[in-house]
Every structure is written in structure tokens, then in C-alpha cells.
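# Secondary and tertiary structure notes
So you can see what is in the structure, the chains are spelled out below.
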Amino acid sequence: MASRSLTRILLKVLIVLAVLFAVVFGVAFGFGIASVRNIVSVENFSNFDPPLPSRLLDSEGRLITEFASNEKREIVSIKDVPPHLVDALVTREDKPFWTHHGFTIKSYARAFIGIITGKNLGGGSTITLQLAGTLYADRKDISFRRKFVELWWALQLERRFSKQEILEMYMNRMIMGPGVYGVEAASKYFFGHSARDVTVAEAAILVIQLSSPTRFNPIRNPNIARERSREVLDNMVELGYVDKDTADDSFAEYWDSYDYTRVANASFYSRDDKAPWFSEYVRRQLEDMLYGSTDLYKDGLTIHTTLNLDYQAVADKYMSRYIAQVNKEYLASSSQRLREAERVYAPMSEMLGLAFNLEGIFFQETKIRGKSMEYYRRSLNPTVDALALMFGLEPLKAATNASYGASKTEMEKNVVEGALVTIDNATGHIKALVGGSKFDQSNQLIRATQAQLMPGSCFKPLYYSAAIDSRRFTPGTLIYDAPVVFYNEDGTPYIPLNYKGEWKGQVLTWYALAKSMNVPAVKVLDGIGFDAAINRAAALLDITSPEQIRVAFPRVYPLALGISPVSPLKMARAFSVFANQGREVTPIAIRSIEDRSGRPLLDPEKDLRAEQKKKGAGIQVVSPQNAYVMTDLLKRVVKEGTLAWPTSSGAAFTGKDKDGKRYTIPAAGKTGTTQNWADAWTVGYTPYMTTAIWFGFDRPGNSLGVSQSGAAIAGIAWANYMVEIHRGLPFKDFVRPQSGLIDVTVCSVSGLLPTEYCNEGTVTLTYYEGTQPKRYCDLHQFKSEQAESTIRNLSEQQSILGGRRIDSTLDFDASDLDALLRTLEARAAEDSAVIDYGDSEDPAPAPTDALPDILD
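Remember, predicted model here, so these are calculated numbers, not experimental data.

Parameters at a glance
- Note on numbering: residues in each chain are counted from 1, in written sequence order.
- Only residues with pLDDT of 70 or above have their local features reported here, since the model is predicted, and side-chain atom pairs are shown and tallied only from 80 upward, although totals for entire chains, interfaces and linings are computed over all residues.
- Side-chain calculation: all heavy atoms of the structure are included, whereas hydrogens and water are not.
- By definition, any uninterrupted DSSP run of H or I lasting at least four residues is a helix, any uninterrupted run of E lasting at least two residues is a strand, and each is numbered from the N terminus.
- All accessible areas in this document rest on Shrake-Rupley with a 1.4 Å probe, and a residue is counted as covered only by the protein chains that are shown.
- Like charges are joined within 9 Å and nonpolar side chains (Val, Leu, Ile, Met, Phe, Trp, Tyr) within 5 Å, but only among residues with over 30% relative accessible area and no salt bridge; these make up the patches.
- Whenever Lys or Arg places a side-chain nitrogen within 4 Å of a carboxyl oxygen from Asp or Glu, that contact is recorded as a salt bridge.
- Residues scored as charged are limited to Lys and Arg (positive) and Asp and Glu (negative), so that His and the chain ends carry no count.
- Just so you know, the charge point we use is NZ for Lys, CZ for Arg, CG for Asp and CD for Glu.
- Type-normalised accessible area, obtained with a 1.4 Å probe on protein chains alone, sets the label of each residue: buried when under 20%, exposed when over 50%, and partly exposed for intermediate values.
- Strand pairing requires that DSSP identify at least two bridges connecting the strands.
- Only the contacting stretch of a helix is used when fitting its axis, a line to C-alpha atoms as for every element, and angles between N-to-C directions run 0 to 180 degrees.
- Pairing of aromatic side chains here covers Phe, Tyr and the six-membered ring of Trp, requires ring centres within 6.5 Å, and sorts the geometry by plane angle: under 30 degrees stacked, over 60 edge-to-face, intermediate tilted.
- For any pair of crossing helices, the crossing counts as left-handed if the nearer helix is rotated counterclockwise from the farther one by less than a right angle, and right-handed if it is rotated clockwise.
- Contact definition: two residues touch when any of their heavy atoms are within 4.5 Å.
- In this count, Pro and Cys sit with the nonpolar residues alongside Ala, Val, Leu, Ile, Met, Phe, Trp and Tyr, while Asp, Glu, Lys and Arg are called charged and the others, Gly among them, polar.

## Notes on the overall build of the chain
Counting its regular elements, the chain contains 27 helices and 21 strands. When the accessible surface of the chain is summed, it comes to about 43,100 Å², and 55% of that surface belongs to carbon and sulfur atoms.

So this is what it looks like as C-alpha cells:
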């Protein structure tokens, strides 16, 4: 009885334990099922959501570059990759993959024996287990617990997905290089092409990355990668995936032509970027535009931009060429100046130093000290800096940092940089952008958009526009070009000088602008006043802040010659307003942004157009009539002014249509050179687009050289670039307003209506209706009468003196009356040279305390 009672008790206990176990197991199993019941939505490949780089596309949909974090990844379908890549993957990682259900007892046993014996007999993880561990476990955790977790999830993956889907997730998810994930990204990183095009040998190299992306990296350890990939190929031959001849040929073809000098870089820094300056400009804008949880580097965005890669390639070509050329010319002129200083001034310095014991001015000693400092900064300082880091010598590190700062400052003063930006006149699309010589970690100042530079004479059209609107000046207004003193509001005298110190006398407004004359320009500013000039310049440059306007536009006369700091992009925007019939132009680089699924995320261009539409008539910065008159004036710069030589007077823009008929696209622009030839500019446009180009120094203080003016350097670069990007474009002209303007032919000297005496030429100019000249020219008639009077007077004078008599009916060419007068006066001077007319009075010397001027 006792034994039966004990049996019943034990049976009851077992039943209770069984029930408890069933409950616990059921609850655990329920939680397990609950945790994986959404595996369809979590791991269905259509909803697979790994980190993806954001793609930057140009206006034609072509890839510019990608923004990626350390995880560079691209998704590829298993249907798109060649079969031998799949075969190589299975051969290397999981031979029985197609037959097992997520794990194999044999693999586990092999791994277990390896742990006991301390030998590497291979891992026990199948492809499914590796994927499960990557998705749901911490693979850095070396424990049995992790193995159980991986096994559990491997079973769920095998239950839910097909073998092809598991393999597709695996080949897109696993790390296969330095910051590179998936076969597609790895193939582009190692081979420069898609995984769709890998050879058999390349497939073997890809799959060995799975076990050790560092050790088997073919760039870092090519010999090791070569040996291990050969083993994979041999295994593929044994398993029948590829024949031996194919494997051998592919292996030999790849490794016989391998470049062993390649350098391994992180994927972010080795990424292909066809427009690095533009990409960086866009990246900075995106960081301001994107908000919340959106991650530019992982969310796989598609950014549609305004760039044209064809134009960008041309811009890169010419800017690289001319930046190198300007630097070469600068070094040559600097060496020449130094030799001249050593020849002329060094002996004088040495003599003064010896005579007055002035040690600081001994030239040779100063020269040696300068060369010693330069040698230390270039050669020794980097080594000292490395030693300071190695041994933790903070004071020495501070000293090397200071030396580096001095070297950087010196470089900024002595290295010529350049910038270019092109915008579409109608849309404001930035079509090309170059921010400097070379974009890298030490050179990231986007000079085309960030630099604040003096534009020189390129600034003149901005306030000439206000002068035309004032109606006090027209294209045919007569202005006298001669030395003159202007007094600023504080009483400081200012004496502007023309380029090369030449004076033309009486000139018309259009001619003064075309030839970039400084005295007429300052007279125009003086005639309209500072308020009108500053307000118009600020409107064209899109500077709206009162504080910015006050700082940027000082109320002094040198303002007329371009001393206001402005970026090349701002200057391009100002000129594009003239090209766009006076309407506002807002430069834009980003058109729209889509998420990884192609859904619209942001639409900056659509928002901009809506904002512009709301402005209505307020979108006009200047009137269409003003824009056309300014364009006509700036076309004359190309035809007859400072851009005539670089553009062959505009003929460089000549092309042929499909019928062989020749046409010339009109162009307009302005050159600029700042004081001491420190900056060289050209800003110009066609009916299609506007381009601004600048050359100069990041830090002022040096001269490019007297031969490197805006016309000579920037003008040539501008012309060559603009001609090439316009090649093949159909004829297009600037739009002329239907009313408010009138073309009038005037005397080229007086600007008045021509008469029969105006034999020095005429010019047809565009005026606002009502401002055209009404009076006929009397200048040449006066000169003709003056010539006849001079002939009579000289004849009478020479008759009295006994000299030869001049016939009053002397035949002369009325087209050169000035030359005739000079000839007659010279002849009279010869005849009367013996007569003493008294002392002549020298002209008063010009003031020397004038403000600095800008030359062009």
C-alpha cells in the first residue's frame, strides 16, 4: 500500500511538473511565435531597409556621386548577378546550402571538435545562420546563447523565405570590404564595375571577403587574396560549377594585369565624384534642409540637382588649365621682381645698413633667414609635429601648430586660386561650379559661393543701370575723361586713374564702359548719387539686409571701381537679371529629393516657383527696358571693348545650323581687375546662361602681375569655356521689349544727331524713348570753321614774319580736323621757333594723399 501511495504521489508530481512544463513551454513558445509573427514584414526583401547611400544626380539623371556613411551599400537582385557569383558564394560559405534546413549536424560537430582540439576545422554556421546572426544577434558575442538565438532565427528564416530570397538578403547584407556592404558595393569598390559584370576570378575574390575583409583585401594584401581566391576556384572546379580552363584563364587575366600600387582607402574617401565642389555645396544645403530622423548618409535618398555634367567637365578642364597657368606666370613675375630687387635695392640696403649700423635691413641676412624659415616649415615641421604626437610633448605640439598656421597663411598669400559658376538665366539652375584648384580635406572653401572678393570694374554695370534709369545719363551722353579730384563726404580727396594711365578726353557713356574707363565711371556715380547706386547694386546682388548693405557699400568714391566684397555667384546672379529681361533670378542647386522608394520628400524648385509667382510684378528687379539697354551696352564690351580680343569681337560664338547656315549667338559681359592686379574677373552672359570667373589669392597682399588682368586671363578662360558649352545650341537672341525703347544713330564723338560734317563715324545706340538726342551735332562744323580760321591766321602771321605763306584754300580731309589743326600748329611752331613768347606755366601737381583706386 505504501508503495502504491508513493507511486501515486510521484505520478501526481510528474503530472504537475508536466503541466507546468507545458505551460512554461507554451508561454515561451507563444512569445517566440509572437516575436517572429511579423517576420514577413520585418524581413520580406521587398521591405528590406538597410543603410543605403544617397545618390546625387545631374539634370540629365546621371550619377554625380553618392553620400554614404561608413556603410556603403547598394542593393542588387540575385536574378541580375551571374550564376558563377552565386556558385562561388555557396562554394566558399555553405556547400550544402541548397539541401539543408538552416543548419547541419555535420557543421556543428566539426566546429565542436575544433573547439575541443584547439584546431581550426571551419565554422559551424551556414549561410542562413550567418544571416540570422547578423540580423538578430550580436556576432561579437562568442557564446552558446548566441548560437541558440541564431539557430532559432535561422529556422524562422528557412520557414518563411525561399533559398533564393535568403541568399539575396545575405549577399546584400554582409560586410565585404572597408566600410563596404554587399556584393554590388564591393564589386564597384574593388573592380570599378557592377556585380552584374564580375568575372569568375573576381567572384572568387568577392566571396573570400566574407570571412576576413581586412586580411583578404586584394588592395591591402594582394598576395594573400590571390592564394585564397585560387583555392575557391579550385573548389568550384571540383564541384563542377566551372571547368578548369575557364577558371585558369579568368584567374590569369585578372592577376596578370593587376595594379599592385593601388592604395586602400575608406569607401567614403575613395568614392567617385564627378563634381566635388558642387557636391559639397549641395551637401551643406542638404544638412540644413533635412530634419528629423532623415539621414543623408543612410536613408538612400535620390537628390535631383541642376548640374550639367557635360558643362562641369568643360569647366574643370579650363579652370585647371588656367589656374596652373596663372600660378606659373605669377611665380615667373615674382622671381623677376626678386631679381630686380636683388640687383637694384640690395646694394642700397647693404650700404645704408653699413653706414648707419642698421642690422635689420641687411638684405643677404634677411634672405638667408627667410629661406631658413621656409625650409623649417616645409621639411622639418611635419617631422617635429609627428614626434610631438608620439611622445606627448604638448608645448612642442603647440609650436608646430603655430608654424603650420604660419605656413598656411603664407600659402594663401602666394598660391593663385580660381572660381567659376554658371547659372541658367531663366531658371537660376547652377549648371557648373568650380570652387578652387583641387577639392580635398585641406581645401574646402567654395570660393564661387563663399569667398568675399572685390569685383573691380565688373561692378560698374550695376550702378550704370541706375544711371540709365535716372535719365541723366544715356548710352550717348558725353563724358570728359581727364584727371580730376573727387572729395569724399569726409573731405578726403580721391583721384581715380585709368588703366595704364591713359586719358581719352571726351567719350560717350557706352565707350567709357566698353573700355572700362575709371574717371567717367566715377563721374557717373557722382552724377546719380550714392543712394541710387547702392540701392541698385544691392537689388541686383540680392543683398537685402540694411546692415549688410551698410557694410558692403561704403559711401566713398572708390565704390565706383568695385571695392565691395561679393561672391562670384552673387555677381553671376546680378548679370543674369539683365539677361532675364530684368526679372529676379534665384540660383538653385537642388531641384527635388526622393526617398529610397521614389516617393517625393522635398521639392525646393517647386516651392521656389510658387514663391516667385506670388510676387507678381514684384519679380522685376529692373525694368525690361533697363535690362535691354544694359545688355546692349555690355554687348559692346564684347564687340569693341575689353572682351573683344578674347572672343574675336563675338565671332567666337559663331556656329552652323543643320542646314549649314551660319549664325552668331550674342554675348555680353564685363572684365574687372582690382588694384595692384590682385584679382582678375570676367562676368558675362548669352541668352542662355551667365558665367562668372575669378582668379586671385585667398589672402590679399600679392599681385598676379601686370600682364594678368581681367581681360587677359579671366576673359580668355571665360571665352573658351562659354564658346565650348554653347557649341551645338540653336540661335537665340536677347528679348527686346515691344515698347519704351528707340534706336538712334548718333555722331560717335558728340553723341548728337549726325550732320554732313560728322566724318569721324556714327554709332547706333538704344535709348529710352524721350531721352534720345534731338539736337544736331555742331562739334565738327565748329572744328571745320576753326580749321579755316586757323589757316587764315597762320597765313597772315607767316606773311608778317617773312615765312612761307599758307594757301587758305588748302585741300584737307575733313574727317581728321584735329590732326589738321595739330599739323598746322606744329608748322607754325617751326616757323616761329626763334621768337621768345615768355615762360610757360607748369600745371599744378596732383594731390598725393588720395585714396587707393581700382584699375581695369
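There is more to say after this.
## Observations regarding a negative patch on the surface
Together, D243, D245, D249 and E253 line one region of the surface with negative charge. Structurally, E253 can be placed in helix α11 (residues 244-256). When its relative accessible area of 60% is taken as the criterion, E253 is described as exposed.

## Regarding the sheet that holds strand β17 (residues 668-673)
An order of β8-β7-β19-β18-β17 is seen for the five strands of this open sheet, with the pairing classed as antiparallel. Two strands lie at the open edges of the sheet, namely β8 (430-434) and β17, each paired on one side alone. Geometrically, the sheet is characterised by an average inter-axis angle of 5° between neighbouring strands, direction not taken into account. Bridging between strand β7 (residues 416-424) and β8 involves four bridges; their strand directions are antiparallel. Opposite T422, over in β8, you have A432 as the bridge partner.

## Observations concerning the pattern of salt bridges
Side-chain pairs of opposite charge can arise where the charged atoms are in close proximity. Under the defined criterion, the tally for this structure stands at 26 salt bridges. Salt-bridge contacts for E417 lead to R447; the nearest nitrogen and oxygen are separated by 3.6 Å. A residue pair is termed long-range when its members are at least 10 positions apart, and E417 in strand β7 and R447 in the loop between β8 and α16 (460-470) qualify at 30 residues. Residue E417 shares its accessibility class with R447, and that shared class is buried. The partner of D531 in a salt bridge is R555, and the shortest N-O contact between them spans 2.7 Å. Of this pair, D531 sits in helix α19 (residues 530-541) while R555 is found in the loop between α20 (546-552) and α21 (568-579), placing the two residues 24 residues apart along the sequence. The class for D531 is partly exposed, based on a relative accessible area of 47%.

## Re the packing of aromatic side chains
Applying the stated rule across the entire model yields 20 aromatic pairs. With 6.4 Å between their ring centres and 75° between their planes, F575 and Y685 make a pair best called edge-to-face. Taken together, the positions of F575 in helix α21 and Y685 in strand β18 (residues 679-685) put the pair 110 residues apart, joining distant regions of the chain. With respect to class, F575 is no different from Y685; both count as buried.

## Description of the pairing of strand β21 (residues 762-768)
The element β21 is extensively covered by neighbouring structure, given that five of its seven residues are classed as buried. Bridge count for strand β20 (residues 741-747) against β21 is seven bridges, and the pairing is antiparallel. Of the residues in β21, the one forming a bridge with L741 is Y768.

## Things to note about the packing of α16 against α21
At a minimum axis distance of 10 Å, the contact between α16 and α21 shows a crossing angle of 35°. With respect to the hand of their crossing, α16 and α21 are arranged in left-handed fashion. Residues P461, L462 and S465 of α16 touch α21, and the partners they reach there are M571, A574, F575 and F578. Tallied by class, the residues present in the contact of α16 with α21 amount to six nonpolar, one polar and no charged.

## Focus: α16
Here α16 lies mainly inside the structure; nine of its 11 residues are buried. Those residues of α16 that fall on the buried side of the exposure criterion are K460, P461, L462, Y463, Y464, S465, A466, A467 and I468. In the stretch just after α16, R471 is the one whose phi turns positive, near 65°.

## Observations regarding a nonpolar patch on the surface
Taken together, W98, L239 and Y241 make up a surface patch of nonpolar side chains, about 270 Å² in accessible area. As for its position among the elements, W98 is in the loop between α3 (83-93) and α4 (105-117).

## Focus: the sheet that holds strand β13 (residues 590-594)
Two pairing modes exist for strands in a sheet, parallel and antiparallel, and in both the strands are linked by backbone hydrogen bonds. If you walk across this open sheet you meet the five strands as β2-β1-β6-β13-β14, and the pairing is mixed. Each having just a single partner strand, β2 (63-67) and β14 (600-602) make up the two edges of the open sheet. Going from strand to strand, the sheet's axes swing by 25° on average, the running direction of each strand aside. The pairing of strand β6 (residues 302-305) with β13 spans four bridges and is antiparallel. Considered in β13, the bridge of H304 is made with S592. Against the sheet, helix α22 (residues 604-615) touches β13 and β14, its axis set at about 130° to β13.

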